[in-house]
Amino acid sequence: MYGGPGVKTDKDFPIPDTMRAWVLGNPGELKLTQKPIPVPKRAEVLVRIDAVAICATDLEIIDHGSPALIQGGKPFNKNFTPGHEYMGTVVALGPGVDECKVGQRVTVEIHAGCGQCKRCREGMYTSCHNYGLNYGEVDKGHRANGFTTDGGFCEYQVNNINTLIAIPDSMLDEEATLVVTAGTAMYGLTELGGLVAGESVVVTGPGPIGLLGVAVAKALGAQPVILTGTRDNRLAIGRELGADHVINVRNENVVEAVKRLNGGKGVDYVVECSGAPNAVNEAVYMVNRGGKVCLAAFPHTETPVDVAHIVRNNIYLYGIRGEGKSATHRAEAFMSQKRFDATKIHTHTFALDDLPTAIRYAKDRVDDAIKVVIKARGVAAHRVAAE
Ligand SMILES: [Zn+2]
Ligand SMILES: [Zn+2]
């Protein structure tokens, strides 16, 4: 029987003893297994996962390991379940938890910092100094599901109450998985200063974070919002999400185009979401003197940077990690008020058993895939549907 000391469940939400869970074997290898359903401890709840989106960072972890860190090392062959952009229903409460109810729909943010280091105390829990220290004698209580602890490519997961964001019934499961994506964009804009109304913003790279970066910047009142990229179909979605102008960097010099669109001057803020090798320099040439650049993508190679230009022009560069300072709550507020339609970037849905196919769609952008979502229930697996 499922349960533990002080754990509260409800007969309307029966919990089995085991669940289907994907685990990472060697690099690039995912295996479907059965795992025991984890039991929430103090300040934790059990979430029944109703939907989980695939993120570029999942693909990075599955193939290369980093930035996941399990027991102080790479996550391979450690019975580790990846996946971090999930939502679901609270089905069990740990001892003493009265912050939410069984049956409540929630989406989750990733990082539950240790709560005791300098950065956690500053609200920067995505930069926790005890990242990955959650095992053996170095257990500092840090949790980042899908990075340093088991994640969402399964049926149930334990979450710290600090990572829960309540969502309204009007928000679809698929849409709710995008709150953390919008939250990452929101965190980037928060770190740039947060006072975005009337400021000019360029977003470079129309991936999921870039596209929702456009939506969040526009909802915050930025003007103009300019999106740059290489694919016209993605740029068109950016326009639907609020971009005042789009620039296809294949067709024109992007720095000149940005200046032309903003009265000859550079813009106040750039949110760099492309990870392209020349992106940092282009970003610093696009901002005006004293402007700020947020770096939200992981490039694969060392990136050249024109330091002299940055110094002479008093330009600020910020690296951001994840969705800190409760930015997901602010993003969810915009989404539940329908200030933008994040579902425009959701393109495909697959059953949990079809995770490898779903990953192929996300990785190879099959059928123009942007956000691919997995549903543990209510979606027939392809091989069943084909019969
Ligand atoms: Zn992600
Ligand atoms: Zn910490």
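What counts as what
Residues numbered from 1 in each chain as written. Chains lettered and ligands numbered in written order. Predicted model: local features only at pLDDT ≥ 70, side-chain atom pairs only at ≥ 80, totals over all residues. Heavy atoms only, no water. Donors = N, O, S within 2.8 Å, 3.2 Å for Na, K, Ca; no water. Helix = DSSP H or I, 4+ residues; strand = E, 2+ residues; numbered from the N terminus. Buried < 20%, exposed > 50% of the residue type's maximum accessible area, 1.4 Å probe, protein only. Contact = heavy atoms within 4.5 Å. Salt bridge = Lys/Arg side-chain N within 4 Å of Asp/Glu carboxyl O. Tetrahedral: all angles 85-135°; square planar, octahedral: opposite > 155°, others 65-115°. Core = buried A, V, L, I, M, F, W, Y, C linked by side-chain atoms within 4.5 Å. Patch = residues over 30% accessible without salt bridge, like charges linked within 9 Å, V, L, I, M, F, W, Y side chains within 5 Å. Areas by Shrake-Rupley, 256 points an atom, 1.4 Å probe, with all protein chains shown as cover. pLDDT = per-residue confidence, 0-100.

> Got a minute to help me understand the coordination of the zinc ion (ligand 1) in this structure?
Reference values for angles at a metal are 109.5 degrees in the four-donor tetrahedral case and 90 or 180 degrees in the six-donor octahedral case. At the metal site, the zinc ion (ligand 1) is ligated by C55 (SG), H84 (NE2) and E85 (OE), and these contacts range over 2.1 to 2.3 Å. Along the chain, the residues that donate to the zinc ion (ligand 1) are spaced as C-x28-H-E. In this pair, C55 is assigned in the loop between β3 (44-53) and α1 (56-64) and E85 in strand β4 (residues 85-93), connecting sequence segments 30 residues apart. Like C55, the residue E85 is buried in the burial classification.

> How should α1 be read in this particular structure?
For an α-helix, the turn length of 3.6 residues means that residues three or four places apart are oriented alike. Within α1, the full set of buried residues consists of T57, D58, L59, I61 and I62. Of the surrounding secondary structure, the elements contacted by the buried residues of α1 are β1 (18-24), β2 (30-36), β3 and α11 (355-364). Where α1 terminates, the next one or two residues include G65, which has phi positive at roughly 95 degrees.

> Would you mind going over the pattern of salt bridges with me for this structure?
Working definition: two side chains of opposite charge can pair if their charged atoms are close together. By the definition in use, this model includes 15 salt bridges. The partner of E191 in a salt bridge is K325, and the shortest N-O contact between them spans 3.2 Å. Of this pair, E191 sits in helix α4 (residues 179-191) while K325 sits in the loop between β15 (316-319) and α10 (327-336), and the two are 134 residues apart along the sequence. On the basis of relative accessible area, E191 is assigned to the buried category, the value being 17%. The exposure class of K325 is partly exposed, given its relative accessible area of 31%.

> Looking at this structure, how should I read the coordination of the zinc ion (ligand 2)?
Around the zinc ion (ligand 2), the protein contributes the donor atoms C114 (SG), C117 (SG), C120 (SG) and C128 (SG), which lie 2.3 to 2.4 Å from the metal centre. Viewed at the metal, the 4 donor atoms of the zinc ion (ligand 2) are separated by angles of 102 to 117 degrees, and the geometry they form is tetrahedral. Counting residues between consecutive donors of the zinc ion (ligand 2) along the chain gives the motif C-x2-C-x2-C-x7-C. The two residues C114 and C117 agree in class, both being buried.

> Looking at this model, I keep getting lost on the environment of I359. Mind explaining?
Tracing the chain through its elements places I359 in helix α11. Note on I359: relative accessible area 10%, which makes it buried. Taking the C-alpha atoms as reference points, I359 and A176, separated by 183 residues in sequence, lie 19 Å from one another. With residues up to four places along the chain from it excluded, the contact list for I359 reads L30, I54, L59 and I62.

> In this structure, what is going on with the nonpolar core? I would like to understand it.
Within soluble globular proteins, side chains that are nonpolar generally end up buried alongside one another. Membership of the largest hydrophobic core comes to 55 residues, with the highest contact counts inside it found for V45, L46 and I54. Mapped by element, the contributors of at least two residues to this core are β1, β3, α1, β4, β5 (105-108), β8 (156-160), α11 and β17 (371-375). Setting aside chain neighbours within four positions, we find I54 in contact with L59, E85, F153, L355, A358, I359, A362, K371, V372 and I374.

> Could you clarify how one ought to interpret a nonpolar patch on the surface in this entry?
Taken together, the side chains of V305, V307, V311 and L317 define a hydrophobic patch exposed on the protein surface, amounting to about 330 Å² of accessible area. Structurally, V307 can be placed in helix α9 (residues 307-312).

> Explain the confidence of the model for the chain to me, please; I cannot follow it from the model alone.
Low pLDDT means the predicted atomic positions in that stretch should not be read closely. Per-residue pLDDT for the chain averages 95, and the proportion of residues at 70 or more is 98%. Confidence drops under pLDDT 50 across residues 383-387; counting only partners more than four residues distant or on other chains, this segment forms 2 contacts.

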